[in-house]
Amino acid sequence: MKVFRIEGGTPLQGTIEVSGAKNAALPILAATLLTPEPCVIRNVPNLSDIRLMAELLETLGANVERLDANTWKVEAKKLTPVAPYELVKQMRASICLLGPLVGRLRKAQVSFPGGCVIGPRPIDLHIKGLRKLNCEVSIEAGFVNVDASEIEGSDVFMGGRMGSTVTGTANVVMAAVLTPGITHIENAAAEPEISDLCNMLVSMGAKIEGIGGHHLIIEGVKKLHGTNHSIISDRIEAGTYLMGAAMSGGDLTVKNVPCAYIRALLDRFEDSGIDLEMGQNQIRINTEPKKLRPVDTITLPFPGFPTDLQAQMCSLMTLVDGLSIITERIYPNRFMHVPELQRMGADIAIEGNSAIIKGVESLSGAPVMASDLRASAALVIAAISAKGESWIQRIYHIERGYERIHQKLAELNIKIDRLDDSDMPASIKGLV
Ligand code: EPU
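Residues numbered from 1 in each chain as written. Predicted model: local features only at pLDDT ≥ 70, side-chain atom pairs only at ≥ 80, totals over all residues. Heavy atoms only, no water.

1. Looking at the sheet that holds strand 1 (residues 2-7)
Let me state the cut-off plainly: Pairing between two strands is assigned when DSSP locates at least 2 bridges connecting them. Helix and strand assignments come from DSSP, with helices taken as H or I runs of at least 4 residues and strands as E runs of at least 2, each series counted from the N terminus. The axes are straight lines fitted to the C-alpha atoms, using for helices just the contacting stretch, and the angles between their N-to-C directions are given from 0 to 180°.
Taken in spatial order, the four strands of this open sheet run 24-25-1-26, and their pairing is mixed. Looking at the sheet topology across the chains shown, the edges are occupied by strand 24 (367-369) and strand 26 (415-420). Taking the axes of each pair of neighbouring strands and ignoring which way they run, one obtains an average angle of 25 degrees across the sheet. Looking at chain direction, strand 1 and strand 26 are connected through six bridges and run antiparallel. From the neighbouring strand, Val3 faces strand 26, where its bridge partner is Leu419.

Shown next, in the form of structure tokens:
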């Protein structure tokens, strides 16, 4: 397995470019199944999750071609409705195949996605939404089976105990665009990735009103045509690098920033006293943690502060003098990064679904273990800001969601090496 060795102490300095959004690209690639005509999808980040989705589309019968590193062409003339366990188990987002299969084939058999380290991730709302569209849904032998032969437009409330659901909304939207009648989705997730999906579907001939809001109105059409769509840039990647710069005391220009999508982060920056130079789709950040004020943060659905930036915010606050409280409202147990940050000297206590962070003078490099995508990002920015050497294990997590992170950071003169775990000194191998 690959590991990162990072020698801390070099701030993020220079210019970095944000890639396409993984969480927009995954459902959009799935949506190409809604038409037998070719779809060309551009600005797709080159990531293992994307390659896995391409493999899933091929398994379902689509012809998938990679035109260049960031462009995919999908032509789904013929499809089978079965998404197998071997592939689905590797990526929870595979569940977003349910909607397109239902829309196109009126039938789906998608393996039930497995557990997840960031907490329970049920799909009850996806199922509730499809049932509202008059689909028969059953769970048998580890598969979600949908019979949509009687599907019809309806009123769907996409909410549950934890609020709206992003992929659940995507599934119902993708099913409804080819469903006779009108579907109203209330409490729809309004994340930019959902708007990108809806805009892509409209470019294929779908009729969707209310894009960007919590009430989507979809008039089913008989068929959709091919499209040429470019994925929005990744707000979470942008936020991660901005926080990395703030934490390491850098002077970083982040290009391709979807500024309108990171308002909640910019608001926290403002309260913390970070000066930003805002440009056309780019932000320059020039600060150091010692000048910042601690801020409290609560994760919420968009436009609130995203859960996918919570771990990185925890990292940043470990070096800000004073007390900050970070509360997780989307995945209440998503604090796997905390014990690893503690290994680096952070002063953090978990109280229920909150992390209470007392800023320390400095972090010290340590061998740490990445547990999931965003926790690994938090560890990378902590390692860059720490004194001494860190070894981050299980970096396959970070490579699922950050395109070329190793090269992008190396181009900023960060001392980062991507090595085999066999290269780790014997003295630290047994420590994590
Ligand atoms: N939920 C339910 N029932 C459902 C679905 C969700 O109770 O049927 C709950 C979840 O347990 C959670 C909340 O609703 O508490 C929100 O979950 P949601 O369905 O919105 O999450 P998701 O669609 O599975 C996407 C992203 C996640 C991101 C969340 C929240 C993709 C592929 N994944 O997941 O991204 O954290 O929305 O914004 O789009 C990541 O990129 O690291 C990542 C985990």
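2. Structural notes on the site of the ligand
To keep it simple, the criterion reads: Throughout, the term near means that a residue has one or more heavy atoms lying within 4 Å of the molecule or strand in question. Definition of a polar contact: a pair of N or O atoms within 3.5 Å, with one able to donate and the other able to accept a hydrogen when the atoms are protein atoms, and with sequence-neighbouring residues admitted only if both atoms are side-chain atoms. Surface accessibility follows the Shrake-Rupley procedure with a 1.4 Å probe radius. Residue values consider only the protein chains on display as shielding.
Taken together, 23 residues form the shell around the ligand, and within it Asp124, Thr165, Thr167, Asp308 and Ile330 come nearest. Contact distances for the ligand include 3.0 Å between an oxygen atom and a side-chain N or O atom of Arg121. Separating an oxygen atom of the ligand from a side-chain N or O atom of Thr167 is a distance of 2.5 Å. Bound to the protein, the ligand loses 89% of the 830 Å² it would expose on its own. Put simply, the parts of the chain that give the shell around the ligand at least two residues each are helix 1 (22-31), helix 5 (124-132), helix 6 (166-176) and helix 12 (373-385).

3. Comments concerning the sheet that holds strand 5 (residues 71-75)
In space, the four strands of this open sheet follow the order 4-5-3-16, with mixed pairing throughout. Only two strands of the sheet have a single partner each, and these edge strands are strand 4 (63-68) and strand 16 (228-230). The sheet shows a mean angle of 20 degrees between the axes of neighbouring strands, taken without regard to direction. Relative to strand 5, strand 4 runs antiparallel, the two sharing five bridges. The partner of Asp68 across the bridge, within strand 5, is Thr71.

4. What about unusual backbone geometry?
As a reminder of what qualifies: Partly exposed describes any residue whose relative accessible area lies between the buried limit of under 20% and the exposed limit of over 50%, with all areas from a 1.4 Å probe on protein chains only and scaled to the type maximum.
A cis amide bond, omega 10 degrees, links Phe302 with the succeeding residue Pro303. Its identity is not glycine, yet Asn256 carries a phi of approximately 65 degrees, on the positive side. Look at Asn256 and you get partly exposed, because its relative accessible area is 34%. Despite not being glycine, Arg394 has its phi angle at roughly 60 degrees, a positive value.

5. Focus: the packing of helix 1 against helix 2 (residues 48-59)
The condition that has to hold: Orientation categories follow fixed angle ranges, with anything under 35 degrees roughly parallel, anything over 145 roughly antiparallel, 65 to 115 roughly perpendicular, and all other angles oblique. Contact criterion: two residues are considered in contact whenever any of their non-hydrogen atoms come within 4.5 Å of each other. The residue classification treats Ala, Val, Leu, Ile, Met, Phe, Trp, Tyr, Cys and Pro as nonpolar and Asp, Glu, Lys and Arg as charged. All others, Gly included, are polar.
The interhelical angle for the contact between helix 1 and helix 2, taken along N-to-C directions, is 5 degrees, at an axis separation of 10 Å. Comparing their axes, helix 2 and helix 1 come out roughly parallel. Packed against helix 1, whose contacting residues are Lys22, Ala25, Leu26, Leu29 and Ala30, the element helix 2 presents Asp49, Ile50, Met53 and Leu57 at the interface. Counted by class, the contact of helix 1 with helix 2 contains seven nonpolar, no polar and two charged residues.

6. Observations regarding the domain arrangement of the chain
Convention followed: Domain boundaries shown here were taken from an automatic or database domain assignment. Buried area counts how much accessible surface, traced with a 1.4 Å probe, disappears from two parts once they are put together, with both parts' losses summed. For salt bridges, the criterion is a side-chain nitrogen of Lys or Arg within 4 Å of an Asp or Glu carboxyl oxygen.
Structurally, the chain comprises domain 1 (2-18 + 233-429) and domain 2 (22-230). Between the C-alpha centres of domain 1 and domain 2 the distance comes to 31 Å. Where domain 1 abuts domain 2, roughly 1,800 Å² becomes buried across the two surfaces, and 51% of that area is made up of carbon and sulfur atoms. Remark: the boundary between domain 1 and domain 2 carries two salt bridges.

7. What about the pattern of salt bridges?
Per the counting criterion, the structure on display carries 14 salt bridges. For Lys2, the salt bridge identified is with Asp420, shortest N-O distance 2.9 Å. Remark: Asp420 occurs in strand 26 and Lys2 occurs in strand 1; sequence separation between them is 418 residues. Classification of Lys2 by relative accessible area gives partly exposed; the value is 32%. Here Glu75 makes a salt bridge to Lys77, at a shortest N to O gap of 3.3 Å. For Lys77, a relative accessible area of 58% corresponds to the exposed category.

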